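Notes for the structure review
These are the residues of each chain, in order.
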There are 2 protein chains.
Amino acid sequence: MAYATSRFAENGYHPTSVAEIVQGLGVGKGVFYWYFASKEELFLEILRDAQRQLRRRQEAAIADEPDPVRRIELGIRASMAWFDQNREVVKLLQFASTEERFAPVLRRGQDVAVADTARHVKEGIVEGRIRDLDPFVLSHAVLGVTGHLAREFVHERSQSVDDVAEVAVAFCLEGLLGGK
Amino acid sequence: MAYATSRFAENGYHPTSVAEIVQGLGVGKGVFYWYFASKEELFLEILRDAQRQLRRRQEAAIADEPDPVRRIELGIRASMAWFDQNREVVKLLQFASTEERFAPVLRRGQDVAVADTARHVKEGIVEGRIRDLDPFVLSHAVLGVTGHLAREFVHERSQSVDDVAEVAVAFCLEGLLGGK
DNA sequence: CCCGTTCTTGACCGGCCGGTCAAGTTCTCC
DNA sequence: GGAGAACTTGACCGGCCGGTCAAGAACGGG
């Protein structure tokens, strides 16, 4: 599955043939279809796995932080770190979002992640520390910033994860204008 | 090209065959290869066209607004409106960013757009109205928020463009914490 | 009215692709 | 040690795909 992930990420899902995967692995085609029902099923498995991993990572990072705003910040940093260490998978997730047939799986995972963040946002709103806007939209905004900055600066431009995460947090919390 | 765009957006680039496109158009295959060197070339043409359109739209919206911060805001609203009216193309742009071979064209267009925004951000920093962080990172952050919110709420959840744009602007300018 | 250019057709080609399957080989448990 | 389950092989299949091309049709200037 690791090898398939890197092939898919490098060549794209469609241009990567099952023959190519099994050949690179030095096994026969039969063994592929023994473990996976189809090429699509393998891809979905990779997707589900990735989402599970990311979620665990976020939960671990947030663990026992009581402050909702700090929790959001830790979530951003944890996501950024995971994006950094799983570039290939990030590419696959992005590709998956462009194909209707992968949407359901993707959607489920993203909804879970957003719901997590939204909970903290809601808490923040109740505490009067976060402005009273739709928590789901705000969560998605955070997710959008984090993902995009990770792809553009950590992946493409190889900038330091911490530096990018720093700016991402600053931007998400106080926008362009805030923060002295 | 319009028909091809909708086929690509609905079925994906790879799964859509040239035969399918020309059949849907009621023409022979030869006419396709008379006007386009290859399937890939057609796709690139669509991409370039889209980027040109979006850029024109943004420039028109910003036109003669002197305030850099207002310019950024108008840019966000214009982008959001364009994303709303060009869902198919947005999908294609997103797909293109996952395939190495389309990256160069995509990159060039995005760099131009980001450079535009970054100019306004820089002005804002000079005026002391925007915090002193890397203007390119901030511009990408704005772009990330706008694109993601458009896809998630305008495209997927069919929410009103204006409402989403409103939140996007609020978030970009003042983040989660700011704004009363 | 004719001839060269532009444009159009669709059968065809070589090649690849996802998936199957008959034929093994290896493992496991009695 | 034997029998059945678990696993592995790779040739093979039907089908599709991007792209070519010989054969025209339509057009346009002289």
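Look up a bit, the structure's there.
About the criteria used
Residues numbered from 1 in each chain as written. Chains lettered and ligands numbered in written order. Predicted model: local features only at pLDDT ≥ 70, side-chain atom pairs only at ≥ 80, totals over all residues. Heavy atoms only, no water. Least-squares fit on C-alpha atoms with pLDDT ≥ 70 in both. Contact = heavy atoms within 4.5 Å. Helix = DSSP H or I, 4+ residues; strand = E, 2+ residues; numbered from the N terminus. Patch = residues over 30% accessible without salt bridge, like charges linked within 9 Å, V, L, I, M, F, W, Y side chains within 5 Å. Areas by Shrake-Rupley, 256 points an atom, 1.4 Å probe, with all protein chains shown as cover. Salt bridge = Lys/Arg side-chain N within 4 Å of Asp/Glu carboxyl O. Buried < 20%, exposed > 50% of the residue type's maximum accessible area, 1.4 Å probe, protein only. Near = heavy atom within 4 Å. Polar contact = N/O pair within 3.5 Å; in protein donor to acceptor, adjacent residues only side chain to side chain. 1 Å grid on protein atoms, 1.4 Å probe; cavity = no way out; pocket = protein on both sides within 12 Å on 5 of 7 lines; lining within 4 Å. Points joined across faces, edges and corners; volume = space filled by probe spheres on them. Nonpolar A, V, L, I, M, F, W, Y, C, P; charged D, E, K, R; others polar. Phe/Tyr/Trp six-rings, centres within 6.5 Å; stacked < 30°, edge-to-face > 60°. Lys NZ or Arg CZ within 6 Å of the ring centre and 35° of its normal.

1. Quick notes on the relation of the copies chain B and chain A
The two copies are related by a screw operation: chain B maps onto chain A through 180° of rotation and 0.0 Å of translation along the axis, at an RMSD of 0.0 Å. Between the two chains, the operation in question is that of a two-fold axis. By C-alpha distance to the rotation axis, the residue of chain B lying nearest is B:Gly175, at 1.9 Å. A share of 100% of interface residues in chain B that are also interface residues in chain A marks the association as one of identical surfaces.

2. As for the environment of A:Arg119
Mapped onto the elements of the fold, A:Arg119 is located in helix α7 (residues 103-126). C-alpha separation for the pair A:Arg119 and A:Arg56, spaced 63 residues apart in sequence, amounts to 17 Å.

3. Describing the environment of B:Gln110
Inspection of the secondary structure puts B:Gln110 in helix α7 (residues 103-126). Placed 59 residues apart in sequence, B:Gln110 and B:Gln51 show a C-alpha to C-alpha distance of 8.1 Å. Beyond its immediate chain neighbours, meaning those up to four positions away, B:Gln110 contacts A:His148, A:Glu152, B:Gln51, B:His140 and B:Leu143.

4. Notes on a nonpolar patch on the surface
Residue and element names in this part refer to chain A. A grouping of Leu-25, Val-27, Val-31, Trp-34 and Tyr-35 is seen on the molecular surface, where their side chains present a nonpolar patch of about 570 Å² in accessible area. The biggest single contributor to the nonpolar patch is helix α3 (residues 29-35), with 3 residues. Tracing the backbone through its elements, the reader meets Trp-34 in helix α3. For Trp-34, a relative accessible area of 70% gives the class exposed.

5. Description of the protein's contact with DNA strand D
Around DNA strand D there are 15 residues in total, and A:Gly28, A:Gly30, B:Val18, B:Lys29 and B:Lys39 lie nearest to it. Of all DNA strand D atoms lying within 4 Å of any protein atom, the proportion belonging to sugar or phosphate reaches 57%. At 2.3 Å from a base oxygen of DNA strand D is found a side-chain nitrogen or oxygen belonging to B:Lys29. One of the side-chain nitrogen or oxygen atoms of B:Lys39 is found 2.5 Å away from a phosphate oxygen of DNA strand D.

6. Topic: the layout of surface pockets
Residue and element names in this part refer to chain B. Looking at the second largest pocket, its volume works out to about 170 Å³. Considering the residues around the second largest pocket, the lining is formed by 13 residues, among which Thr-5, Ile-46, Gln-53, Asn-86 and Val-89 are closest to the centre. Only α1 (2-11), α4 (39-62), α5 (68-85) and α6 (87-96) provide two or more residues apiece to the lining of the second largest pocket. Ranked by residue count, the leading element in the lining of the second largest pocket is α4, at 4 residues.

7. With respect to the protein's contact with DNA strand C
Of all residues adjacent to DNA strand C, which total 15 residues, the nearest are A:Val18, A:Lys29, A:Lys39, B:Gly28 and B:Gly30. In DNA strand C, atoms within 4 Å of the protein come 55% from sugar and phosphate. A:Tyr33 has a polar side-chain atom sitting 2.9 Å from a phosphate oxygen of DNA strand C. A distance of 3.3 Å separates a base nitrogen of DNA strand C from a polar atom in the backbone of B:Lys29. Looking at the surface near DNA strand C element by element, the count peaks at 5 residues for helix α3 (residues 29-35) of chain B. By residue class, the composition of the surface near DNA strand C is 6 nonpolar, 6 polar and 3 charged.

8. Remarks on unusual backbone geometry
Among all residues save glycine, negative phi is the norm, and among peptide bonds the norm is trans. All names here are of chain A. A positive phi angle is found at Ser-158, which is not glycine, with a value near 50°. Here Ser-158 lies in the loop between α8 (135-156) and α9 (161-174). A relative accessible area of 57% places Ser-158 in the exposed class.

9. Details of the packing of aromatic side chains
If you walk through the whole model with that rule in mind, you get 24 aromatic pairs over all chains. Ring centres of A:Phe8 and A:Tyr13 lie 5.2 Å apart, and the angle between their planes is 50°; this geometry places the pair in the tilted category. Summarising the burial analysis for this pair, A:Phe8 and A:Tyr13 share the class buried. Considering the side-chain rings of A:Trp82 and A:Phe83, the 6.0 Å spacing of their centres and the 65° angle between planes classify their relative orientation as edge-to-face. Taken individually, A:Trp82 and A:Phe83 each receive the classification buried, so the pair is uniform in this respect. The rings of A:Phe8, A:Tyr13, A:Phe43, A:Phe95, A:Phe102, B:Phe8, B:Tyr13, B:Phe43, B:Phe95 and B:Phe102 are connected pair by pair, giving a single aromatic cluster. The cationic tip of A:Arg157 hangs over the ring face of A:Phe153; the distance from NZ or CZ to the ring centre is 5.0 Å. Stacked on the ring of B:Tyr13, the Lys or Arg B:Lys39 has its end atom at 4.7 Å from the ring centre.

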